[in-house]
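# Results of the structural survey
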Amino acid sequence: MVFCGIRKQKRIFYCILYFDPQRTQMYIYAISLCVYHLAEYFSVLLYHFNNLSFESYLIDQSKEWIMATAISFIEFFIENLIFPKLKFNLFIFILGLIFMIIGHIFRICALYTGKTNFTHQIAYDKKKSHILVKHGIYSLSRHPSYFGFFIWSVGTQVMCFNPLCIFSFIVV
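Residues numbered from 1 in each chain as written. Predicted model: local features only at pLDDT ≥ 70, side-chain atom pairs only at ≥ 80, totals over all residues. Heavy atoms only, no water.

## Comments concerning the pattern of salt bridges
To be explicit about the condition: Any Lys or Arg side-chain nitrogen found within 4 Å of a carboxyl oxygen on Asp or Glu counts as a salt bridge. By the criteria applied, helices consist of DSSP H or I runs no shorter than four residues and strands consist of E runs no shorter than two, each listed in order from the N terminus. Note on classification: 1.4 Å probe, protein chains only; a residue is buried when its accessible area is under 20% of the maximum for its type, exposed when over 50%, partly exposed between these limits.
Overall, the coordinates contain two salt bridges when judged by the stated rule. The closest approach of N and O atoms between Glu40 and Arg107, which form a salt bridge, is 2.7 Å. With Glu40 in helix 2 (residues 21–47) and Arg107 in helix 4 (residues 90–114), the pair connects residues that are 67 residues apart, well separated along the chain. Each of the two residues, Glu40 as well as Arg107, counts as buried. Taking the shortest distance from any N to any O, the salt bridge between Lys87 and Glu79 comes out at 2.4 Å. Each of the two residues, Lys87 as well as Glu79, counts as buried.

Following this line, the structure appears as C-alpha cells:
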C-alpha cells in the first residue's frame, strides 16, 4: 500500500517537473478539488464540531455539483482524446491556475475569518451569538465565500481548457 502511494506521488511530481500538460491539468484539478473539500471539512471541525459528519466534506452538496464535476472530467477526457494538441495553452493554463488560487484564498479566508458565524446551512432566524463579520477578507468583499467559490470553479475549467464547462460554470 505504501509503495503504491509513493509511486503515485512520483508520477505526480514527474508530470509537474517534466510538464506533461494533460496529466498536469488533471492532477492539479484533482488536488484543487481535494483542497476545497478538506477546507470545508476542517472549518466545520474547528467551528461547528457538534455538526461534524461526512456531509461536512460537501462532496454531495447538490446533484448539480456532482453532475458539473463529472461533466468537467468527461469533457476534458473526450476533448483530450479527439484534440490532444488543442487541449493545452500555457497562457490559459496559468490564467486558470491564478483564478483557482485566488478563489481558494477568498473561500478559505472566508471560512476561517467568519469562524462560528459561517455555516453551510441557510439561517432563517438570527442567532444571538451571530455577529456581522466586517474584518479580514470580509472588508474586501461582502460575500467572499461565494466570490471565491465562483472564481475557483471557473478557474478550474479555464485551467483544464474546458470551453463548454467554462461557459456553463459562468452561466449557472
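Structure shown, so let's carry the discussion forward.
## Brief notes about the environment of Tyr146
If you trace the backbone, Tyr146 turns up in helix 5 (residues 144–159). Residue class for Tyr146 comes out exposed when judged on its relative accessible area of 60%. With 39 residues separating them along the chain, Tyr146 and Arg107 place their C-alpha atoms 7.3 Å apart.

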